[in-house]
Amino acid sequence: MLAATPGYWYTGRASAAKNPEEERMKRNRGLAPAILAVALVFGSWVSAQAQSEITLLAPRPMQKTIDKILANFQAKTSYKVKPTYDSAKYTRQTVAKGKGLDVNLIVAPFPGAIASGTIDPSSATHVTSFLTALAVPKGAPHPDISTPAAVKKALLAAKSIGFEDPDFTVAGQGPWEAITNLGIADQVATKSKITLGPGGAGVAPSATANTVGTERLLQSGDLGIALLLLSDMLPNKDKIDIVGVLPRKICAPSAVVGFIGTKASDPAAAKALLQYMASPDAQSIFKEDGYEPHS
């Protein structure tokens, strides 16, 4: 019995020495699947975060307004938006060439963009519209523009009229539409000062009357009347007098429509962004900045 006792205690001590290591090994084997599971979950989370970034193509004239809307959208959601801005004409052409992004804001008309297959026509969302307004130098008399006939009279009486080239800028579409609809293009041609605007970057100055901005010409008194986007005029409303928006009968607002790209990395996220842009929160910002809210 006594001889057996040391053996007994020896055996016990050996077990005590070996068991912790075995236990650690068992625990490690048990932890491995858990660590793997955590890694997979973390990897999925990182991947989901990467996929939550939405790319946006939008007209540069809208940049300040869009930036404010995007900041609100990102604060309210887990999504991040990476915007790309270009002239309204070029954004339309970019999509038409098949290079659209997750979400694309395009100024009408856009038949080429639709035909490109780059955007999903069923996702069309009317976001807002550009408004064409008439302004005069600070302190100058305000002409009546309440009716098409009144606008025609004001334009014919003006010493000079300024607007941007419709071939290069969306800001030029409305004025040219109004002048054409009024049937006075020939009558005002000699006193019209057509400027290149931001969309004419890289174009020879000889292509239009000059490269000085229409609004600067108005501020200096070199123009009697300027026809520009209301959203472009508002930031300098203390330097010019904004008479008002042209009647819809002669100048329809230029619609800005959003489309989801057919190759959007996360269509659900893209849809969420478009829906937010059409929401009351975003529409109040558009209105404040001189755009017409969608109907």
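Predicted model, so just to flag it, every value in this text is computed and none were measured. Each residue is numbered by its place in its chain's sequence as written, counting from 1. Residues qualify for local features only when their pLDDT is at least 70, as the model is predicted, and side-chain atom pairs are given and counted only at 80 or more; totals for whole chains, interfaces and linings, by contrast, use all residues. Working from all heavy atoms in the structure, the side-chain values ignore hydrogens and water.

Would you mind going over the sheet that holds strand β7 (residues 192-195) with me for this structure?
The pairing of strands in a sheet happens through backbone hydrogen bonds and is either parallel or antiparallel. Pairs of strands are assigned from DSSP output, requiring at least two bridges between the strands. Think of it this way: any DSSP run of H or I at least four residues long counts as a helix, any run of E at least two long counts as a strand, and we number them from the N terminus. With mixed pairing, 5 strands are arranged side by side in an open sheet as β7-β6-β8-β5-β9. The open sheet terminates on both sides in strands that have one partner only, identified here as β7 and β9 (240-245). Sheet twist, expressed as the mean angle between neighbouring strand axes with direction ignored, is 25°. Two strands pair when backbone bridges link them, and strand β6 (residues 161-164) and β7 are joined in this way by 4 bridges, in the parallel orientation. Bridge pairing in β7 places Glu164 opposite Thr195. Its contacts with the sheet put helix α6 (residues 173-181) on β5 (132-137), β6 and β8 (225-229), and the angle it makes with β6 is roughly 130°. Interaxial angles span 0 to 180 degrees and are taken between N-to-C directions of axes, which are lines fitted to C-alpha atoms, for helices over the stretch in contact. Contacts are assigned to residue pairs that have any heavy atoms within 4.5 Å of one another.

Before we go on, may I ask you to explain the layout of surface pockets in this structure?
Gaps left between atoms are located by rolling a probe of water-molecule size over the structure's atoms. Definitions used throughout: a 1 Å grid over protein atoms alone; a cavity as a set of points that fits a 1.4 Å probe which cannot get out; a pocket as an open set with protein on both sides within 12 Å along at least five of seven lines; a lining residue as one with an atom within 4 Å of a point. Grid points are joined across faces, edges and corners, and a volume is the space filled by probe spheres set on the points. If you add up the space inside the largest pocket, you get close to 450 Å³. Contributing to the lining of the largest pocket are 22 residues, with Pro61, Lys64, Ser231, Asp232 and Pro235 lying nearest its centre. Sorting the residues of the lining of the largest pocket by element identifies α2 (63-76), α8 (214-219) and α9 (230-233) as the ones contributing at least two each. Partitioning the lining of the largest pocket into residue classes produces 6 nonpolar, 6 polar and 10 charged. Side-chain classes are defined by residue name, with Ala, Val, Leu, Ile, Met, Phe, Trp, Tyr, Cys and Pro counting as nonpolar, Asp, Glu, Lys and Arg as charged, and the others, Gly among them, as polar.

For this particular structure, what's the right way to read the packing of aromatic side chains?
Working definition: a ring pair exists when centres of Phe, Tyr or Trp rings (six-membered ring for Trp) sit within 6.5 Å. Plane angles under 30 degrees give stacked, over 60 give edge-to-face, the rest tilted. The full count for this structure, using the stated rule, is 5 aromatic pairs. Ring centres of Phe110 and Phe259 lie 5.3 Å apart, and the angle between their planes is 85°; this geometry places the pair in the edge-to-face category. Of this pair, Phe110 sits in the loop between β3 (103-107) and α4 (111-115) while Phe259 sits in strand β10 (residues 254-260), and the two are 149 residues apart along the sequence. In terms of burial, Phe110 and Phe259 fall into one category: buried. Residues Phe130 and Tyr291 carry aromatic rings whose centres are separated by 5.4 Å and whose planes lie at 55° to one another, so their mutual orientation is tilted. One end of the pair, Phe130, is in strand β4 (residues 125-130); the other, Tyr291, is in the loop between α11 (280-288) and β11 (292-293), and 161 residues separate them in sequence. Residue Tyr291 is classed as buried on the basis of its relative accessible area, which comes to 3%. An aromatic cluster is defined as three or more aromatic residues linked by ring pairs; in this entry it consists of Phe73, Tyr79 and Tyr276. Relative accessibility thresholds used throughout: buried, under 20% of the residue-type maximum; exposed, over 50%; partly exposed, between the two (1.4 Å probe, protein chains only).

Please explain the confidence of the model for the chain as it appears in this structure.
Predicted coordinates in regions of low pLDDT should not be interpreted in detail. Across the chain, each position has a pLDDT score giving the predictor's confidence in that residue, from 0 to 100. Residues of the chain with pLDDT of at least 70 account for 77%, and the chain-wide mean is 83. The weakest mean pLDDT in the chain belongs to helix α1 (residues 4-51) at 47; the strongest belongs to helix α5 (residues 148-157) at 98. Below a pLDDT of 50 lies the segment residues 1-17, which in the model reaches 1 contact outside its immediate sequence neighbourhood of four places, other chains included. When the criterion is pLDDT under 50, residues 34-51 qualifies, and its contacts beyond four places in sequence or with other chains add up to 2 contacts.

Looking at this structure, how should I read the sheet that holds β3?
Pairing within the open sheet is mixed, and its 6 strands lie in the order β2-β1-β3-β10-β4-β11. The open sheet has two edge strands, β2 (80-86) and β11, and neither has a second partner. In this sheet, β11 lies alongside β4 in antiparallel orientation, the contact comprising 2 bridges. For Thr128, the partnering residue across the bridge sits in β11 and is Pro293.

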